[in-house]
Amino acid sequence: MKRTRSFTSPDQLPELLDLAAETAKPAGLSDALIFKAQVVLEELFTNIFRHGYRERGGTVEVALETEGRGMLLRVADWGPPFDPLSEPAPDLRKRFAEGLPGGAGLVLVRSMVANPRYTREEDCNVLRLRVEE
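Basis of the calculations
Residues numbered from 1 in each chain as written. Predicted model: local features only at pLDDT ≥ 70, side-chain atom pairs only at ≥ 80, totals over all residues. Heavy atoms only, no water. Axes fitted to C-alpha atoms, helices over the stretch in contact; angles between N-to-C directions. Helix = DSSP H or I, 4+ residues; strand = E, 2+ residues; numbered from the N terminus. Parallel < 35°, antiparallel > 145°, perpendicular 65-115°, else oblique. Left-handed = near helix turned anticlockwise from the far one by under 90°. Contact = heavy atoms within 4.5 Å. Nonpolar A, V, L, I, M, F, W, Y, C, P; charged D, E, K, R; others polar. Pairing = 2+ DSSP bridges.

Caption draft 1: Quick look at the packing of helix H1 (residues 13-24) against helix H2 (residues 31-52). Between H1 and H2, whose axes approach to 10 Å, the crossing angle comes to 150°. By the angle between their directions, the pair H1 and H2 is classed as roughly antiparallel. Like other packed secondary-structure pairs, H1 and H2 cross with a definite hand, here right-handed. Where H1 abuts H2, its residues Leu13, Leu16, Leu17, Ala20, Ala21 and Ala24 lie against Ile34, Gln38, Leu41, Glu42, Phe45 and Thr46. Of the residues assigned to the contact of H1 with H2, the class counts are nine nonpolar, two polar and one charged.

So, in structure tokens, the structure goes:
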């Protein structure tokens, strides 16, 4: 099953999370996989609106497709070019010791997905990932 939807506000996060569950459940994917996909989607979605669009708004297009015992995620945005896979992992111990917020999101996403790929297609950032059992 494949579902695609566009979102124009960070306030639509609950709708995105519901979309992930609605896509996965008919395929018989586990609650653990659904949760993992939702965590990944929430982190990417929130970062796009917070950092890519800098709170001023834009569109995020999400395509979800079940495949075997996993789910393919495609997340696209029209913000400035940004490849989250090429960013060096932050020193989380140092950040936490210094009381700095954030920094763990991309580390978390990378640990929860397989075969992540980033491309810049014309004016669009496209991230493709697979979440597996």
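This is not the end of the story, as more comes after the structure.
Caption draft 2: Fine view of unusual backbone geometry. A positive phi angle, close to 50°, is found at asparagine 115, a residue other than glycine. Position of asparagine 115 among the secondary structure elements: in strand E4 (residues 114-121). A positive phi is found at glutamate 122, a non-glycine position, where the angle reads about 55°. By the element assignment, glutamate 122 lies in the loop between E4 and strand E5 (124-132).

Caption draft 3: Structural context of the sheet that holds strand E1 (residues 2-7). With respect to topology, five strands assemble into an open sheet ordered E1-E2-E3-E5-E4, the strand pairing being antiparallel. Pairing within the sheet leaves two strands with one partner each, and these edge strands are E1 and E4. With strand direction ignored, the average angle separating the axes of adjacent strands in the sheet is 15°. Alignment of E4 against E5, held across six bridges, turns out to be antiparallel.

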